[in-house]
Amino acid sequence: MENNPKSVNKVFFSYLIHPQIKFETYEPGEKVILLLRAHPVTQLHWIINSIILFIVLFFINFILPSFLLLNQIFVLNVFILVFILSFIWYSFLNWYFNVGIITNKRVIDVDFHGILYKEVTVARLNKIEDITVKSGGYFASLFDYGTVFTQTAGTEANVEFINIPFPSLVVQNINQLLGKKHGSQ
Amino acid sequence: MDLNNLFNSFNSGEVINVFFKISSIILAVIYLLYAVVISKQVGTMTKTIEDKFNVVVSLISSIQITVGLILLIFSLFLV
């Protein structure tokens with residue numbers, strides 16, 4: 001592969017080349033080439049929110065009413081701490097399991113909307129007609145992330161990878177695979 | 001209970017204690033249910049995408065349920 005930035009492009013597990021994974025709809029002989037997650041910069045909102053919540057938890061103890069008993073204050077603190085940690089865990093799961101997978105046969109988008117709703121979109125490489133990259137904004141330019149849309153022919157669903165790192169590299173990879181596919185036909 | 005007794009119990013913080021206990025039990029039960037649902041869903045997620053960190057993810061989900069149980073115990077016996 002021409003662009004094989006293995007040591008550079010692992011942006012906190014959001015751009016994995018040849019990852020050692022298996023997925024549900026795996027077909028025999030299929031090789032995973034890329035696994036993509038949203039760029040970590042796009043996750044900053046919940047990380048900052050969590051830090052703010054920890055600060056609030058710290059200061060809330062100074063304004064707690066004096067009629068509360070010590071054990072009540074302790075339980076209240078435990079409750080708030082558990083809810084903050086659950087929020088972090090929920091947000092992390094949302095990021096970690098919303099992935100895009102590119103194999104030598106297909107392009108797969110796995111989405112868990114709000115964790116509870118699962119959506120897996122699959123497009124075969126030979127059905128892909130058009131690939132569009134959309135990247136805009138200060139942070140997207142600075143950290144090099146964007147959205148890749150793959151449009152397919154016929155009734156097959158379109159696949160989109162939202163806010164993934166190095167979108168142009170991803171398109172290059174898909175184009176290379178498409179070239180191989182069409183060359184082999 | 002006459003009105004004086006009610007005022008006395010309120011002044012001594014009894015009503016607040018009961019309110020705190022009931023609220024914490026309800027919250028703990030809701031949290032426990034949430035933890036179980038998330039754990040189930042994590043099971044679905046780890047089946048959808050299998051990688052080397054799935055063991056850690058499943059472990060944290062189990063810890064979340066344990067924490068939910070501990071919260072319930074705290075609410076029942078500590079408050």
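Structure's up top.
Residues numbered from 1 in each chain as written. Chains lettered and ligands numbered in written order. Predicted model: local features only at pLDDT ≥ 70, side-chain atom pairs only at ≥ 80, totals over all residues. Heavy atoms only, no water.

Trainee: Now, about the overall build of chain A: what can you tell me, with residues and values included?
Mentor: When its secondary structure is counted, chain A shows four helices and nine strands. In chain A, the succession of α and β elements from N to C terminus is β-β-β-α-α-β-β-β-β-α-β-β-α. Relative to the 2.2 N^0.38 estimate, which gives 16 Å for 185 residues, the radius of gyration of chain A is 21 Å and therefore markedly larger than a compact globule would have. By principal-axis analysis of the C-alpha atoms, chain A measures approximately 80 × 35 × 30 Å. Nonlocal contacts in chain A, meaning residues at least 24 apart in sequence, comprise 55% of its contacts between residues at least 6 apart. Carbon and sulfur atoms make up 63% of the accessible area of chain A, which amounts to about 10100 Å² in all. (Helix = DSSP H or I, 4+ residues; strand = E, 2+ residues; numbered from the N terminus. Rg over C-alpha atoms; globule rule 2.2 N^0.38 Å. Contact = heavy atoms within 4.5 Å. Areas by Shrake-Rupley, 256 points an atom, 1.4 Å probe, with all protein chains shown as cover.)

Trainee: I'd like a description of the sheet that holds strand β8 (residues 145-152) of chain A, backed by residues and values.
Mentor: Residue and element names in this part refer to chain A. Strand order in the open sheet formed by three strands is β7-β8-β9, with antiparallel pairing between adjacent strands. The open sheet has two free edges, formed respectively by β7 (128-134) and β9 (159-165), since each of these has just one partner strand. Shown here is a sheet whose adjacent strand axes are inclined to one another by a mean of 15°, direction ignored. Here five bridges tie β8 to β9, and the two strands are oriented antiparallel to one another. Looking across to β9, one finds that tyrosine 145 is bridged to proline 165. (Pairing = 2+ DSSP bridges. Axes fitted to C-alpha atoms, helices over the stretch in contact; angles between N-to-C directions.)

Trainee: So, the pattern of salt bridges: which residues are in play, and what are the values?
Mentor: Residue and element names in this part refer to chain A. Applying the stated rule across the entire model yields four salt bridges over all chains. Glutamate 27 is paired through a salt bridge with arginine 106; the nearest N and O atoms lie 3.7 Å apart. Taken as a pair, glutamate 27 in the loop between β2 (22-23) and β3 (32-36) and arginine 106 in strand β5 (residues 106-113) lie far apart in primary sequence, 79 residues in all. One exposure class covers both glutamate 27 and arginine 106, and it is buried. One salt bridge in this structure joins arginine 124 and glutamate 27, with 2.5 Å as the shortest N-O distance. (Salt bridge = Lys/Arg side-chain N within 4 Å of Asp/Glu carboxyl O. Buried < 20%, exposed > 50% of the residue type's maximum accessible area, 1.4 Å probe, protein only.)

Trainee: Give me the sheet that holds strand β6 (residues 117-124) of chain A: which residues, what numbers.
Mentor: Reading across from one edge, β1-β3-β4-β5-β6 (chain A) is the order of the five strands in this open sheet, with antiparallel pairing throughout. Two strands bound the open sheet, and with one partner strand each, they are β1 (15-17) and β6 of chain A. Ignoring which end each strand starts from, the neighbouring axes of this sheet average 15° apart. Pairing of β1 of chain A with β3 of chain A involves three bridges; the strand directions are antiparallel. Within β3 of chain A, the residue paired with leucine 16 of chain A across the bridge is leucine 35 of chain A. Packing of helix α2 (residues 14-48) of chain B onto the sheet brings it into contact with β5 and β6 of chain A, and relative to β5 of chain A it is tilted by some 170°.

Trainee: Account for the packing of helix α2 (residues 70-96) of chain A against helix α3 (residues 54-78) of chain B, naming residues and giving values.
Mentor: Where α2 of chain A meets α3 of chain B, the axes come as close as 11 Å, and the angle between the chain directions of the two elements is 160°. In this view, α2 of chain A runs roughly antiparallel relative to α3 of chain B, as classed from their interaxial angle. Crossing hand, α2 of chain A versus α3 of chain B: left-handed. Contact residues: Asn71, Phe74, Val75, Val78, Phe79, Val82, Ser86, Trp89 and Leu93 of chain A in α2 of chain A; Val57, Ile60, Ser61, Gln64, Val67, Leu71, Phe74, Ser75 and Leu78 of chain B in α3 of chain B. Of the residues that constitute the contact of α2 of chain A with α3 of chain B, the class distribution is 13 nonpolar, five polar and no charged. (Parallel < 35°, antiparallel > 145°, perpendicular 65-115°, else oblique. Left-handed = near helix turned anticlockwise from the far one by under 90°. Nonpolar A, V, L, I, M, F, W, Y, C, P; charged D, E, K, R; others polar.)

Trainee: Describe the nonpolar core, and please don't skip the residues or the numbers.
Mentor: Counting residues in each nonpolar core, the largest one holds 23 residues, and the members touching the most others are Tyr15, Ile102 and Val170 of chain A. Every element with two or more residues in this core is listed here: β1, β3, β7, β9 and α4 (167-184) of chain A. When residues in this core are grouped by element, the largest group, six residues, is from α4 of chain A. Setting aside chain neighbours within four positions, we find valine 170 of chain A in contact with Tyr15, Leu34, Leu36, Ile102, Ile164 and Pro165 of chain A. With 22 residues, the next largest nonpolar core counts Ile21, Phe23 and Leu35 of chain A together with Ile38 of chain B among its residues. (Core = buried A, V, L, I, M, F, W, Y, C linked by side-chain atoms within 4.5 Å.)

Trainee: So, the interface of chain A and chain B: which residues are in play, and what are the values?
Mentor: Taken together, the contact between chain A and chain B spans 31 residues of the former and 32 residues of the latter. When chain A packs against chain B, the two sides together hide about 2900 Å² of surface, and 77% of this comes from carbon and sulfur. In terms of surface lost to chain B, no three residues of chain A exceed Phe79, Trp89 and Phe97 of chain A, which account for 22% of the buried area on that side. At the surface where chain A touches chain B, the tally comes to zero salt bridges. Applying the counting criterion to the chain A and chain B interface returns eight residue pairs in polar contact (both at pLDDT 80 or more). When contributions to the side of chain A that touches chain B are tallied by element, the ones reaching two or more residues are β2, α2 and β5 of chain A. Here the side of chain A that touches chain B takes 14 residues from α2 of chain A, the largest share from any one element. (Buried area = accessible area lost by both parts, 1.4 Å probe. Polar contact = N/O pair within 3.5 Å; in protein donor to acceptor, adjacent residues only side chain to side chain.)

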